[in-house]
Amino acid sequence: MPRDELADTVVRTWGPAGATWLATRDRLLADLAGELDLELGATLPQTFHAVRAVTCADGTPAVLKAGVPDGHLDAETAALRAWDGDGAVRLLWADPARGALLLERADPGTELTAVPDDRAVEVIGGLLARLHRAPVPAGLDHVAVERAAFDAHLNRPDAVLPRPLVERAAALWTQLCGSAEREVLLHGDLHQHNVLAATREPWLAIDPHGRVGDPGYDCGQLLYNPLDADPAELARRAPDRLERLADAVGIAWDRAVAWGFAVCVLSEVWDADGDAGWTGPGPALAVAQRLAALVAD
């Protein structure tokens, strides 16, 4: 039987609440389709949420996204409302109590991985410049709270990542958050897999985490993507990518390097601490080790 990645991830992340949601998922999608007069179509790529292509009553193509209703989609909802389609897919409807969103469908939906890297970096830089202009909604988490993940890893008796690297990233995190000249609405996870080709615009962002903080935070996630890239090649490209992203979001290159390093270490910390099936460091560690030599003391 093929592995159900969505079921595995939901149960691993939410435990019994995730299992309960999975048992009612199909009924929920059917109920939502009936209430909103949607025709359910193909299942789209999904990891943490059920994601279905749908067609609205007027023929408009859309996407129905649903997840465990614990409030974790509230930040995405707030960010998409703030952007109102400027650089990101539009939010058409939301029901926070049931953890459900109806979104504009990016059609044809080709991932930004389909274009050469120089062009992908240019596209992401342009999107970030636009997304960061939006008003910041109330109630979103500040990226400063993510410092706690470093401390939790360092307090593990079996901490598996290089301790000096994690300690340096943790200290930088506090320093960078405390010295931000401006704070913006952040996407929080903008990379090639979260940018899709569309008809309304050439490219649109999807799946924001919705955070508040220094614009440099959003320069980090691109560095360890795309997923199938060679880690050594990602490490080699990182300084040049950061130079271009720094210009796009309006910060100094050395600040972008510091954020890139810290975000890459955080990604490895999350992977190591959040998945019982962790098999070792990923490409983010290779990038972080490359950038460590460039981070100003």
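Please refer to the structure placed before this passage.
Conventions adopted
Residues numbered from 1 in each chain as written. Predicted model: local features only at pLDDT ≥ 70, side-chain atom pairs only at ≥ 80, totals over all residues. Heavy atoms only, no water. Buried < 20%, exposed > 50% of the residue type's maximum accessible area, 1.4 Å probe, protein only. Helix = DSSP H or I, 4+ residues; strand = E, 2+ residues; numbered from the N terminus. Contact = heavy atoms within 4.5 Å. Axes fitted to C-alpha atoms, helices over the stretch in contact; angles between N-to-C directions. Nonpolar A, V, L, I, M, F, W, Y, C, P; charged D, E, K, R; others polar. Pairing = 2+ DSSP bridges. 1 Å grid on protein atoms, 1.4 Å probe; cavity = no way out; pocket = protein on both sides within 12 Å on 5 of 7 lines; lining within 4 Å. Points joined across faces, edges and corners; volume = space filled by probe spheres on them. Core = buried A, V, L, I, M, F, W, Y, C linked by side-chain atoms within 4.5 Å. Salt bridge = Lys/Arg side-chain N within 4 Å of Asp/Glu carboxyl O.

A. Representation of helix α1 (residues 5-14). Of the residues making up α1, those classed as buried are Leu6, Ala7, Thr9, Val10 and Trp14. Next to the buried residues of α1 lie α2 (16-36) and β2 (50-55). Just downstream of α1, Gly15 is the residue with a positive phi angle, here 60°.

B. Highlighting the packing of α1 against α2. In contact at an axis separation of 6 Å, α1 and α2 are set at 145° when each is read in the N-to-C sense. Contact residues: Leu6, Ala7, Val10, Val11 and Trp14 in α1; Pro16, Ala17, Gly18, Ala19, Trp21, Leu22 and Arg25 in α2. Taken together, the residues of the contact of α1 with α2 sort by class into 10 nonpolar, one polar and one charged.

C. Looking closely at the sheet that holds strand β1 (residues 39-43). Strand order in the open sheet formed by five strands is β1-β2-β3-β5-β4, with antiparallel pairing between adjacent strands. Since the sheet does not close on itself, it has two edges, and those belong to β1 and β4 (91-95), each with one partner. Each strand of the sheet is rotated relative to its neighbour by a mean of 25°, with strand direction disregarded. Here β1 runs beside β2; their pairing, made up of three bridges, is antiparallel. Bridge pairing in β2 links Leu40 to Val54. Its contacts with the sheet place helix α3 (residues 74-83) against β3 (61-66), β4 and β5 (100-104), and it is angled at close to 150° to β4.

D. Molecular detail of the pairing of β5. For β5, the buried fraction is high: five of the five residues fall into the buried class. Bridging between β3 and β5 involves five bridges; their strand directions are antiparallel. Each residue of the ladder has a partner; that of Ala62, found in β5, is Glu104. Direction of pairing for β4 relative to β5: antiparallel, over a ladder of four bridges. By the bridge assignment for β5, Asp95 is matched with Ala100.

E. Just the environment of Ala171, in detail. Relative to the elements of secondary structure, Ala171 occurs in helix α6 (residues 163-178). Sequence separation of Ala171 and Arg130 is 41 residues, and the distance between their C-alpha atoms is 30 Å.

F. Inspection of the layout of surface pockets at higher detail. Roughly 160 Å³ of internal volume is contained in the second largest pocket. Forming the boundary of the second largest pocket are Ser179, Glu181, Arg182, Asp214, Pro215, Gly250, Ile251, Ala252 and Arg255. Class assignment of the residues belonging to the lining of the second largest pocket gives a composition of three nonpolar, two polar and four charged.

G. Expanded view of the pairing of β2. With five of its six residues buried, β2 lies for the most part within the structure. The turn linking β1 back onto β2 is made up of six residues. Note: β2 against β3, six bridges, orientation antiparallel. Counted as the bridge partner of Ala53 is Val63 from β3.

H. Just the nonpolar core, in detail. In this structure, Phe150, Trp173, Phe261 and Val265 are the most contacted members of the largest nonpolar core, which totals 83 residues. Ranked by residues supplied to this core, first place goes to helix α8 (residues 253-274) with 12 residues. Contacts of Phe150, omitting those with residues within four sequence positions, involve Val166, Ala169, Ala170, Trp173, Ala262, Val265, Leu266 and Val269. With 20 residues, the next largest nonpolar core counts Val10, Ala33, Cys56 and Val68 among its residues.

I. Spotlight on empty space enclosed by the protein. As enumerated under the stated definition, the model contains one cavity of 30 Å³ or more in all. Of the pockets and cavities examined, the largest cavity occupies roughly 50 Å³. Along the walls of the largest cavity sit 13 residues, with Leu73, Asp74, Pro96, Gly99 and Ala100 positioned nearest its centre. Residues that form the lining of the largest cavity fall into these classes: six nonpolar, four polar and three charged.

J. Expanded view of the pattern of salt bridges. If you walk through the whole model with that rule in mind, you get 22 salt bridges. Between Glu76 and Lys65 there is a salt bridge, with the nearest N and O atoms lying 2.9 Å from each other. You can see Glu76 sitting in helix α3 and its partner Lys65 sitting in strand β3, a full 11 residues away along the chain. Lys65 carries the same exposure label as Glu76, and that label is buried. Its salt-bridge partner being Glu167, residue Arg163 comes within 3.1 Å of it at the nearest N-O pair. A residue pair is termed a helical-turn pair when its members lie 3 or 4 positions apart in one helix, as Arg163 and Glu167 do in helix α6 at four residues. Since its relative accessible area comes to 43%, Arg163 is described here as partly exposed. By relative accessible area, Glu167 is classed as partly exposed at 40%. One network of salt bridges, in which partners are shared, links Asp86, Glu104, Arg130, Arg200 and Glu201.

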